Amino acid sequence: MIEYIVPGNIDDRVLARAAKLLSEGGTVAMPTDTSWSVACSMNSREGIKRLKAISKERDERLFTLLCSDISQFGELCSLDNTRFRLIKRLSPGPYVFVLKTLLGTEKVLGLRRHEIGIRLPNYPVPLALIDALGCPLYGITAKRNMVAQRMDEDYSGDDELSEEDGHSPDESFYREETLFDGGWELEDIRGLDLILDPGEDRDRLFSTVLDLSSGEVQVLRQGAGPWPV
């Protein structure tokens with residue numbers, strides 16, 4: 001389940017196996033420039049279903065698209081020059097940008113909302129995996145409550161979401177102690193297929209979430225990325 005890697009020089013065979021697994025509906029955990037993330041291919045309905053089952057989260061606001069190039073942002077979301085300049089200034093880095101989605105993105109991901117978080121991490125592991133896969137990843141921060149949870153095998157992800165019943169996380173959801181240090185700790189996450197592990201502990205950090213979906217920039221979560229800059 002664990003593949004030990006050198007982040008800046010990942011074995012091509014490992015990347016190929018991981019990309020094949022993702023394309024077939026699998027899930028992979030990997031380090032990013034903040035903490036550990038669990039992800040699937042954005043083009044795999046089975047992968048998205050399994051990711052939601054692992055995370056036990058139905059709230060789409062907790063999931064993020066991970067890209068390897070800023071050009072992918074405009075292929076997935078509505079992006080004008082002002083927003084592009086801000087994103088380019090802060091990327092790659094520990095920032096999630098909430099943007100209006102394009103219709104094609106909503107259909108591929110089966111979204112009920114018209115916004116999504118998207119980011120370009122400043123760490124070679126997710127970037128290499130995205131390039132090997134050929135499309136962005138759909139991911140969520142790995143948290144300790146994913147361990148020792150009963151997997152809901154027949155969860156289909158079809159529950160209706162609304163502003164009222166969609167559960168927004170409270171402050172405890174964003175405490176650093178909910179995050180993992182080393183890759184070996186993620187082995188107890190049931191349903192996870194592969195861990196790409198550099199063999200060293202990661203910092204337990206959250207990204208900064210900036211909502212760019214309306215006129216003014218709104219800070220939804222202050223994390224590792226400074227704001228204002």
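Above this text sits the structure in question.
Residue positions within a chain follow its written sequence, with the count starting from 1. In view of the model being predicted, local features appear only for residues whose pLDDT reaches at least 70, and side-chain atom pairs are presented and counted only at 80 or more, with totals across whole chains, interfaces and linings using the full set of residues. The basis for every side-chain value is the complete set of non-hydrogen atoms in the structure, without hydrogens or water.

What the chain contains, in helices and strands, is 6 helices and 10 strands. Classification of residues uses two cut-offs on accessible area relative to the type maximum, computed with a 1.4 Å probe and protein chains only: under 20% is buried, over 50% is exposed, and between them is partly exposed. Counting every position in the chain, which comprises 229 residues, the buried fraction comes to 51%. Contacts in the chain between residues at least 24 apart in sequence constitute 73% of all its contacts with a sequence separation of at least 6. Only the protein chains shown count as cover for residues, and the accessible areas themselves come from Shrake-Rupley with a 1.4 Å probe. Carbon and sulfur atoms provide 46% of the accessible area of the chain, an area that totals close to 10,900 Å². Helix and strand definitions follow DSSP, with helices as H or I runs of at least four residues and strands as E runs of at least two, each counted in order from the N terminus. For this analysis, residues touch if any pair of their heavy atoms sits within 4.5 Å.

Turning next to the pattern of salt bridges. Salt bridges, as used here, are contacts in which a Lys or Arg side-chain nitrogen is within 4 Å of a carboxyl oxygen on Asp or Glu. Enumeration according to the criterion identifies 13 salt bridges in this entry. A salt bridge links Arg17 to Glu3, with the shortest nitrogen-to-oxygen separation between them at 2.7 Å. Of this pair, Arg17 sits in helix α1 (residues 12-23) while Glu3 is found in strand β1 (residues 2-4), placing the two residues 14 residues apart along the sequence. Between Glu185 and Arg144 there is a salt bridge, with its nearest N and O atoms 3.0 Å apart. Of this pair, Glu185 sits in the loop between β7 (137-141) and β8 (194-197) while Arg144 sits in the loop between β7 and β8, and the two are 41 residues apart along the sequence. On the basis of relative accessible area, Arg144 is assigned to the partly exposed category, the value being 31%. Overlapping salt bridges bring together Arg144, Asp181, Glu185 and Arg204 as one network.

Here we come to the pairing of strand β6 (residues 115-119). Taken across its 5 residues, β6 has 4 buried, putting it largely inside the fold. With 3 bridges joining them, strand β4 (residues 64-66) and β6 adopt parallel strand pairing. When the bridges of β6 are listed, Thr64 appears paired with Gly117. Whether two strands pair depends on DSSP finding at least two bridges between them. The pairing of strand β5 (residues 95-100) with β6 spans 4 bridges and is antiparallel. In the sheet register, Val98 faces β6, and the bridge partner there is Gly117.

Right, let's get into the sheet that holds strand β9 (residues 208-211). Ordered by their spatial adjacency, 10 strands build an open sheet running β1-β8-β2-β3-β7-β4-β6-β5-β9-β10, and the pairing between neighbours is mixed. Looking at which strands have only one partner, the edges of the open sheet turn out to be β1 and β10 (218-221). Here the average twist between neighbouring strands, direction ignored, is 35 degrees. Along the sheet, helix α4 (residues 81-90) makes contact with β5 and β9, crossing β5 at roughly 165 degrees. With axes taken as lines fitted to C-alpha atoms, and helix axes fitted only over the stretch in contact, angles between N-to-C directions fall between 0 and 180 degrees.

Before going further, it helps to spend a moment on the packing of aromatic side chains. Aromatic rings from Phe, Tyr and Trp, with only the six-membered ring used for Trp, were paired whenever their centres fell within 6.5 Å, and each pair was classed as stacked if the ring planes differed by under 30 degrees, edge-to-face if by over 60, and tilted otherwise. For the structure shown, the criterion picks out 3 aromatic pairs. Here Phe63 and Tyr138 contribute two aromatic rings whose centre-to-centre distance is 5.5 Å and whose plane-to-plane angle is 20 degrees, an arrangement assigned as stacked. Linking Phe63 in the loop between α2 (45-55) and β4 with Tyr138 in strand β7, this pair joins segments that are 75 residues apart in sequence. This pair shows no difference in class: Phe63 is buried, exactly as Tyr138 is. Summarising the aromatic geometry, the rings of Tyr95 and Phe97 are spaced 6.2 Å apart at their centres and angled 15 degrees between planes, so their arrangement reads as stacked. Just as Tyr95 is buried, Phe97 falls in that class too. Taken together, the ring pairs in this structure connect Phe73, Tyr95 and Phe97 into an aromatic cluster. Only Lys NZ and Arg CZ are tested; either one counts as a charge over a ring when it is within 6 Å of the ring centre and within 35 degrees of the ring normal. In this arrangement the basic side chain of Arg202 is found over the ring face of Tyr123, its NZ or CZ atom lying 4.2 Å from the centre.

Let us now look at the side chain of Arg221. Structurally, Arg221 is set in strand β10. The charge count includes Lys and Arg as positive and Asp and Glu as negative, but it does not include His or the ends of the chains. Although Arg221 is buried, it makes no salt bridge; Asp33 carries the closest opposite charge, 9.9 Å away. Pairs of N or O atoms are called polar contacts if they sit within 3.5 Å, as long as, within protein, a hydrogen donor faces a hydrogen acceptor (for residues adjacent in sequence, only side-chain-to-side-chain pairs). Side chain to side chain, Arg221 and Ser207 meet in a polar contact 2.8 Å long.

On to the environment of Leu137. As for its position among the elements, Leu137 is in strand β7. Counting along the chain gives 96 residues from Leu137 to Ser41, while the straight-line C-alpha distance between them is 4.8 Å. If sequence neighbours within four positions are ignored, Leu137 has contacts with Leu22, Met30, Ala39, Cys40, Ser41, Met42, Thr64, Leu65, Leu66, Leu129 and Ile130.

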